[in-house]
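So the chains spell out like this:
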Amino acid sequence: MAFHYQLLASQLAGKIHSQALKADQRLSSLRDFARQHEVSLSTAQSCYELLEAQGLIYVRPRSGYFVKGQSLQNPLPRHLDFQSRPRDVSNLELQIEIQQASIQNNLVHLGAIQLSPQLVPVEALRRSIQRALKHSQPEDFLYSDRQGHKKLRQALSEHWAEDGLYIQPEDILITSGCMPALSLIIQQLTEVGDSILVPTPSFNGQLQLLASLKRKIIEIPASHAGVDLDRLEQMMQSGQVKACLMTANYQNPLGYCLSNTEKAQIAQLAERYRCYVIEDDIYAECGFNLERPLPIKYWDQAGYIIYCGSVSKSLSSAYRIGWVCISQQLQSFRIGLLNGNAIVNTPLQLALADLIYSRSYREHLNSLRPRLMQQVRQYQEYILKVFQGVKIGLSQPEGGYALWLEFPVQIDGLEMYHFAQQHGINIVPGEVFGEDRRYRHFIRLNAGHGLSHEICQSIDKLAEWVKQKLDNTDS
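Note that the structure is a prediction, hence the values are computed from the model and not measured. (Residues numbered from 1 in each chain as written. Predicted model: local features only at pLDDT ≥ 70, side-chain atom pairs only at ≥ 80, totals over all residues. Heavy atoms only, no water.)

1. Side note on the overall build of the protein chain
- Regarding its fold elements, the protein chain presents 15 helices and 16 strands.
- Here the C-alpha atoms of the protein chain give a radius of gyration of 23 Å, agreeing with the 23 Å that 2.2 N^0.38 yields for 475 residues.
- For the protein chain, the spread of C-alpha atoms along the principal axes amounts to about 70 × 65 × 45 Å.
- Here the protein chain, with 475 residues, has 59% of them falling under the buried criterion.
- By sequence separation, contacts in the protein chain at least 24 residues apart represent 76% of the contacts at least 6 residues apart.
- Summed over all atoms, the accessible surface of the protein chain reaches about 20,500 Å², with 48% contributed by carbon and sulfur.
- Between the centroid of the 46 positive side chains of the protein chain and the centroid of its 47 negative side chains there is a distance of 3 Å. (Helix = DSSP H or I, 4+ residues; strand = E, 2+ residues; numbered from the N terminus. Rg over C-alpha atoms; globule rule 2.2 N^0.38 Å. Buried < 20%, exposed > 50% of the residue type's maximum accessible area, 1.4 Å probe, protein only. Contact = heavy atoms within 4.5 Å. Areas by Shrake-Rupley, 256 points an atom, 1.4 Å probe, with all protein chains shown as cover. Lys, Arg positive; Asp, Glu negative; His and termini not counted. Charge placed at Lys NZ, Arg CZ, Asp CG, Glu CD.)

2. Details of the packing of aromatic side chains
- Per the counting criterion, the structure on display carries 14 aromatic pairs.
- Judged by centre distance (5.6 Å) and plane angle (25 degrees), the rings of Phe419 and Trp465 are stacked. On the criterion of sequence distance, the pair formed by Phe419 in helix H14 (residues 413-422) and Trp465 in helix H15 (residues 453-474) is long-range, its members being 46 residues apart.
- A relative accessible area of 15% places Phe419 in the buried class.
- Given the relative accessible area of 9%, Trp465 is considered buried. (Phe/Tyr/Trp six-rings, centres within 6.5 Å; stacked < 30°, edge-to-face > 60°.)

Remember that the coordinates give geometry; whether it matters functionally is a separate question.
Spelled out as structure tokens, the structure:
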């Protein structure tokens with residue numbers, strides 16, 4: 001569980017972001033704050049110090065603590081509308097090329113969405129691996145259960161229960177990451193040529209997966225505010241959709257988090273139209289608040305929400321452990337899922353279970369969330385600064401560490417991608433996040449690494465290129 005001062009800081013941060021607390025508004029003194037919340041003076045001080053470190057409040061000598069003005073009043077990327085119809089993913093070769101380029105470690109890490117090694121709890125992971133090996137049983141070195149080690153399934157079940165999500169260990173199937181989990185369930189639920197509904201712009205890795213599985217897609221519009229639920233119901237009702245693939249919490253690339261009302265509505269629609277919703281909840285533990293948002297699965301009464309995820313975004317991109325949860329509704333697919341699942345490394349499973357049971361994973365999350373928020377804000381502020389004078393749209397994610405940028409229509413994101421590659425920089429062009437090149441003047445950036453001098457120089461170079469292109473167009 002989070003420390004009390006972190007919970008209090010999270011509550012105040014929410015009031016600051018919602019502007020319930022205004023810029024330059026004076027906060028209660030430490031003694032008054034401690035008295036109001038019935039906490040010690042040291043707890044009150046830790047709360048304010050955390051908010052100050054996050055750049056949300058500041059101190060005036062001899063005057064007290066004040067709310068810092070939030071400078072991010074930038075335009076958001078535009079919401080693009082389009083017709084929803086079954087179609088193939090048309091740019092698979094480009095998808096593969098960009099996916100391979102995004103993981104090249106010799107390039108500046110603005111492409112693949114991954115945490116910096118400085119945000120990975122390396123020492124805690126090392127200790128958990130050592131303890132797992134020390135306490136392992138002889139049978140742990142034989143072929144393991146295809147469903148995953150019971151100890152890890154139990155640990156995940158208890159971990160989620162702390163956040164209000166109750167899934168039994170026997171309903172969890174451990175996989176070697178989230179994408180293998182999605183691939184496994186898509187192949188069990190659908191056939192080649194079937195249509196999968198996706199909110200667009202969609203994570204390019206999901207589109208690449210669907211293309212490789214020879215599934216069609218039906219796109220529905222998404223924006224910073226969430227998903228077009230009227231279009232979602234229309235497509236479910238039409239019978240054209242075999243399944244839906246959605247992220248409700250901090251979707252990549254937009255960063256939105258659906259409300260509880262919207263999540264409940266999606267679960268109800270899935271039940272009403274008997275349409276499976278595959279929920280990719282990989283970013284849920286990367287929010288900017290200490291309270292983890294509940295997934296759509298929480299409101300699932302009939303078993304039509306299939307819950308998938310992994311620790312690759314919240315812990316380490318190298319830690320390839322994920323899961324898919326098998327509800328009672330899916331028991332007829334159980335044998336196929338088990339037979340199609342690759343056995344996952346047992347020592348790593350036991351190490352993750354130890355990380356959870358030792359509370360090290362929970363402590364890591366409590367430390368990660370405010371650091372991510374501060375880091376993403378730093379990227380946003382720097383991007384707005386260096387692109388000053390250019391009409392851009394910049395996402396304001398509620399969690400995760402993907403940033404979605406819109407440029408004037410004269411700017412081609414794929415051309416920018418090739419320019420960046422030539423200068424040792426990795427970005428992802430917008431056109432791989434949907435069809436019809438509708439996002440050709442968008443790009444996605446990774447904010448998972450600290451805003452180093454090298455990254456600042458790379459963003460500067462991108463800004464110079466954009467401004468030069470616009471000048472050449474106007475002249």
